[in-house]
Amino acid sequence: MTEHPVGLRERKRQRTYLAISDAAVALFLEKGFDAVSVSEIAEAAEVSKPTLFRYFPAKEDMALYRFADHEDEAARVVAGRGEGVRPLAALEDHFLAGLQARDPVTGLCDAPEVLAFHRLLYGTPSLVARLHSYTARSEEALAARLAEETTTDKDASALTAQLAAGQIVTTQRVLAMANWRRISQGASADSVFESASEDTRHAFALLRTGLTPFA
């Protein structure tokens, strides 16, 4: 299937999303999430408040915009895996590759700006609560993809896929949080890498014991 290039209008929209989010995060890091007003963000991003709200309905969404691309990441990994590769194997390899690349989503990243953002995120209850909605959408996308992998009764397949997606996404979140805690306590990403990789293999081995349709 031929991919069409992104049009000028869409590129402009993407730049505006990013500009607003970047301005908001900079202010949140400087002053604290609750101390920053929407008016301040609009001024910093050089947009009007009505424009800002057309892009982001809430302050929390401005802070979490960088997570938007990851909502369907697990589903994309399963869909794009190589021939003969099982879904869990593809997801495990992807998470391990993320550790190797020090992807912030894996929690294994000690870049100062990432540490600052994670402190903001996990130290702000409203952001943690909003993050759950992103996690829920990630589960939904993965469940929809996994449902296509089963050949049993349609309703049973949907339930199995939902249960599997919930376990997989939760496992990835727990692994990322464990990595983040060690980094936040002063460990370097390099020093944690080997144990984080072992934890990932252990976690996916546990998943395989109960998710045989996808293992």
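Refer to the structure printed above.
Nothing here was measured: the structure is a model prediction, and the numbers come from that model. Along each chain, the written sequence defines residue order, and numbers are assigned to residues from 1. At least 70 in pLDDT is required for a residue's local features to be given in this predicted model, at least 80 for side-chain atom pairs to be given and counted, and no such filter applies to totals for whole chains, interfaces and linings, which use all residues. To obtain the side-chain values, all non-hydrogen atoms of the structure were included, while hydrogens and water were left out.

One non-glycine residue, Glu46, lies in the positive phi region at around 60 degrees. Residue placement: Glu46 occurs in the loop between α2 (38–45) and α3 (49–55). Comment: elements are numbered from the N terminus, with helices defined as DSSP H or I runs of at least four residues and strands as E runs of at least two.

The subject of this paragraph is the pattern of salt bridges. When a carboxyl oxygen of Asp or Glu lies within 4 Å of a side-chain nitrogen of Lys or Arg, that pair is called a salt bridge. Throughout the structure, instances matching the rule amount to 9 salt bridges. Close ionic contact of Arg13 with Glu10 constitutes a salt bridge, the shortest N to O distance being 3.7 Å. A residue pair is termed a helical-turn pair when its members lie 3 or 4 positions apart in one helix, as Arg13 and Glu10 do in helix α1 (residues 8–31) at 3 residues. When a residue's accessible area, from a 1.4 Å probe over protein chains only, is under 20% of the maximum for its type it is buried; when over 50% it is exposed; and in between it is partly exposed. Looking at Arg13, the relative accessible area reads 34%, which means it is partly exposed. Overall, Glu10 belongs to the partly exposed group, its relative accessible area being 35%.

Another aspect to go through is helix α8 (residues 125–147). Here α8 spans 33 Å end to end across 23 residues, near enough to the 33 Å set by a 1.5 Å rise per residue. Looking at α8, one finds that the buried residues are Leu127, Leu131, Tyr134, Ser138, Leu142, Ala143 and Leu146. One fewer than the residue count of a helix, multiplied by 1.5 Å, yields its expected span.

The next thing to look at is the nonpolar core. Counting 31 residues, the largest nonpolar core has Leu91, Leu99, Leu108, Leu142, Leu146 and Ile168 as the members making the most contacts within it. Of all elements in the fold, only α5 (73–79), α6 (87–100), α8, α9 (154–184) and α10 (189–210) reach the threshold of two or more residues within this core. The leading source of residues in this core is α9, at 9 residues. Whether two residues touch is decided by their heavy atoms; if any such pair falls within 4.5 Å, the residues are in contact. Not counting the four nearest positions on each side in its chain, Leu91 is found in contact with Ala74, Val77, Val78, Ile168, Gln172 and Phe204. Here, nonpolar core means buried Ala, Val, Leu, Ile, Met, Phe, Trp, Tyr and Cys residues that are tied together by side-chain atoms lying within 4.5 Å of each other. With 26 residues, the next largest nonpolar core counts Ala24, Val36, Ala63 and Phe67 among its residues.

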